[in-house]
Amino acid sequence: MKKIIALIAAIAMIFSLGAVLTACRNGNDVDLPYDEYTTEYEYTTEYEEETTEPYEETTAEPETTTEPEVTEPENPYAPPENLNQLSQADQLAFFNRVVNRVHRERPGHTQVQTLRVENMNFTGAVGTAPIQAIINGVVNRLMPGQPETRVRTRGQDIQYYWMSNASGYASNLRAQDISRITSTRQGENWVIEVRVREEVNPTRPGGHHARIAGIQTREELLAEITDGAPITANPENATVTYRNGYARVTVNAQGQVIAAAKGFDVHAQANDVRITIIRTNATIYQSSRWTYSNFGW
């Protein structure tokens, strides 16, 4: 029983899913005009006086200076009016921006987490009907899929509660990490949803899901399963597949997230698992879902 509980408890801990103006002035040298001075001499006994135009003093008008207009900086989080017409890369950059805003500003919110083992099967002696019945009972007790509510107050640390588990960001998705992104207008709000590509044996931090979710590698998963239990397993004989990964946020006109959801499914396959002297293959299907509401900015 202890070895089965260790296996399922480890599965329950696998995931915590959760973007100059240059002014140029050309100066031209201008030659001021000047009057050519000429004199004429007449061969007479009288000298004609030279006449010159009277000098008029000119006064330069004082230069007028205009104070530069002070403009308030634009809100970098406000959704553009044509968000759904932008490229996928631009929509994704906006998605990352508003998700990471939650990570930095830490508004209060309510999280509802639902973790469920959909199916768990073993081969060989462990897969016999009596043992499988015991396993199903343990699954129902440990991961029955009942919603669990957790509340975070404004300013409280939300790492491991909000999207990715990374310390510097909550979302760092790239175009190659997703299969699609959609932005839908709902009144003054926008609903943005990303779909993450299916991934086998994801790595951290470079994998698709690791940029938006808290994940474990297959090595970490097996290390937790076998720690303190009479179980041995080779990571090279295990496969962990992330499927149906998604994240969705609702953003108001000020660029504040007011609702969100995320989730994924996992298919884990471990071959040649040894439980004391028994060898078995294990197949596990698990779903993880989170919703976020009641944001207090």
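Going by the structure above, here's the rest.
This report concerns the structure included in the present document. From a predicted model like this one, the values you see are computed outputs, not experimental measurements.

1. Quick notes on unusual backbone geometry
Right, on to step 1. Of note in this structure, Asp272 is not a glycine but carries a positive phi near 55°.
Right, on to step 2. Inspection of the secondary structure assignment puts Asp272 in strand β8 (residues 257-275).
Right, on to step 3. Judged by relative accessible area, which is 32%, Asp272 ranks as partly exposed.
Right, on to step 4. Non-glycine residue Asn294 carries a positive phi angle of around 55°.
Right, on to step 5. Taking the relative accessible area as the measure of exposure, Asn294 reaches 58% and is therefore exposed.

2. Observations concerning the side chain of His103
Right, on to step 1. By the element assignment, His103 lies in helix α2 (residues 88-105).
Right, on to step 2. Take His103: its relative accessible area is 14%, and that puts it in the buried class.
Right, on to step 3. Here Ser167 takes part through its backbone oxygen, which lies 3.3 Å from a polar atom of the side chain of His103.
Right, on to step 4. Apart from residues lying up to four places away in sequence, His103 is in contact with Ile158, Trp162, Ala166, Ser167, Gly168, Tyr169 and Ala170.

3. As for the pattern of salt bridges
Right, on to step 1. Under the defined criterion, the tally for this structure stands at 13 salt bridges.
Right, on to step 2. With its nearest N and O atoms 3.0 Å apart, the salt bridge here joins Glu105 to Arg101. Of this pair, Glu105 and Arg101 both sit in helix α2, four residues apart, roughly one helical turn.
Right, on to step 3. Classification of Glu105 as partly exposed rests on a relative accessible area of 40%.

4. Details of the pairing of β8
Right, on to step 1. One ladder, built from two bridges, connects strand β6 (residues 231-232) with β8; its direction is antiparallel. Among the inter-strand pairings, Ile231 is bridged to a residue of β8, identified as Ile275.
Right, on to step 2. Bridge analysis of strand β7 (residues 238-251) against β8 gives 12 bridges, and the strand direction is antiparallel. Counted as the bridge partner of Arg248 is Ala261 from β8.
Right, on to step 3. Count of turn residues in the β7/β8 antiparallel hairpin: five residues, of which Gly255 carries a positive phi of about 80°.
Right, on to step 4. Turn length for the β8-strand β9 (residues 278-296) hairpin, with the two strands adjacent in sequence and antiparallel, is two residues, and the turn residue Thr276 shows positive phi of about 55°.

5. Examining the packing of aromatic side chains
Right, on to step 1. Tallied over the entire structure, the rule returns four aromatic pairs.
Right, on to step 2. When the ring of Trp162 is compared with that of Phe295, the centres are 6.0 Å apart and the planes differ by 80°; the resulting orientation is edge-to-face. Here the residue Trp162 occupies a position in the loop between β2 (148-152) and β3 (178-186), and Phe295 occupies one in strand β9, the gap between them amounting to 133 residues.
Right, on to step 3. Taking relative accessible area as the criterion, Phe295 reaches 15% and is therefore assigned buried.
Right, on to step 4. Seen in terms of ring centroids, Tyr242 and Phe264 are 5.6 Å apart; in terms of plane orientation they differ by 40°. Their pairing is tilted. A residue pair is termed long-range when its members are at least 10 positions apart, and Tyr242 in strand β7 and Phe264 in strand β8 qualify at 22 residues.
Right, on to step 5. Given the relative accessible area of 0%, Tyr242 is considered buried.
Right, on to step 6. For Phe264, a relative accessible area of 0% translates into the label buried.
Right, on to step 7. Across the ring face of Trp297, the terminal group of Arg101 is positioned such that the distance to the ring centre comes to 5.2 Å.

6. Digging into the nonpolar core
Right, on to step 1. Phe95, Trp162, Val249 and Val257 are the most contacted members of the largest nonpolar core, which totals 52 residues.
Right, on to step 2. Elements that contribute at least two residues to this core include exactly α2, β1 (108-122), β3, β4 (189-196), α4 (218-226), β7, β8 and β9.
Right, on to step 3. Examining the composition of this core, we find that eight residues originate from one element, β8, more than from any other.
Right, on to step 4. Ignoring sequence-local partners within four residues, the contact set of Val249 consists of Phe95, Val98, Val99, Met163, Trp190, Val191, Ile192, Val257, Ala259 and Ala260.

7. Looking at α4
Right, on to step 1. Inspection of α4 places Arg218, Leu221, Leu222 and Ile225 among the buried residues, and these make up the whole buried set. With its buried residues spanning 90° around the axis, α4 presents them on a single face.
Right, on to step 2. Directly after α4, the chain includes Gly228, whose backbone phi takes a positive value near 75°.

8. Notes on the environment of Gln256
Right, on to step 1. Within the secondary structure, Gln256 sits in the loop between β7 and β8.
Right, on to step 2. A C-alpha to C-alpha distance of 9.6 Å links Gln256 and Asn189, two positions 67 residues apart in sequence.
Right, on to step 3. Those residues in contact with Gln256 that sit more than four places away from it in its chain are Arg101, Thr250, Val251 and Trp297.

About the thresholds
- Residues numbered from 1 in each chain as written.
- Predicted model: local features only at pLDDT ≥ 70, side-chain atom pairs only at ≥ 80, totals over all residues.
- Heavy atoms only, no water.
- Helix = DSSP H or I, 4+ residues; strand = E, 2+ residues; numbered from the N terminus.
- Buried < 20%, exposed > 50% of the residue type's maximum accessible area, 1.4 Å probe, protein only.
- Polar contact = N/O pair within 3.5 Å; in protein donor to acceptor, adjacent residues only side chain to side chain.
- Contact = heavy atoms within 4.5 Å.
- Salt bridge = Lys/Arg side-chain N within 4 Å of Asp/Glu carboxyl O.
- Pairing = 2+ DSSP bridges.
- Phe/Tyr/Trp six-rings, centres within 6.5 Å; stacked < 30°, edge-to-face > 60°.
- Lys NZ or Arg CZ within 6 Å of the ring centre and 35° of its normal.
- Core = buried A, V, L, I, M, F, W, Y, C linked by side-chain atoms within 4.5 Å.
- Arc of directions from axis to C-beta.

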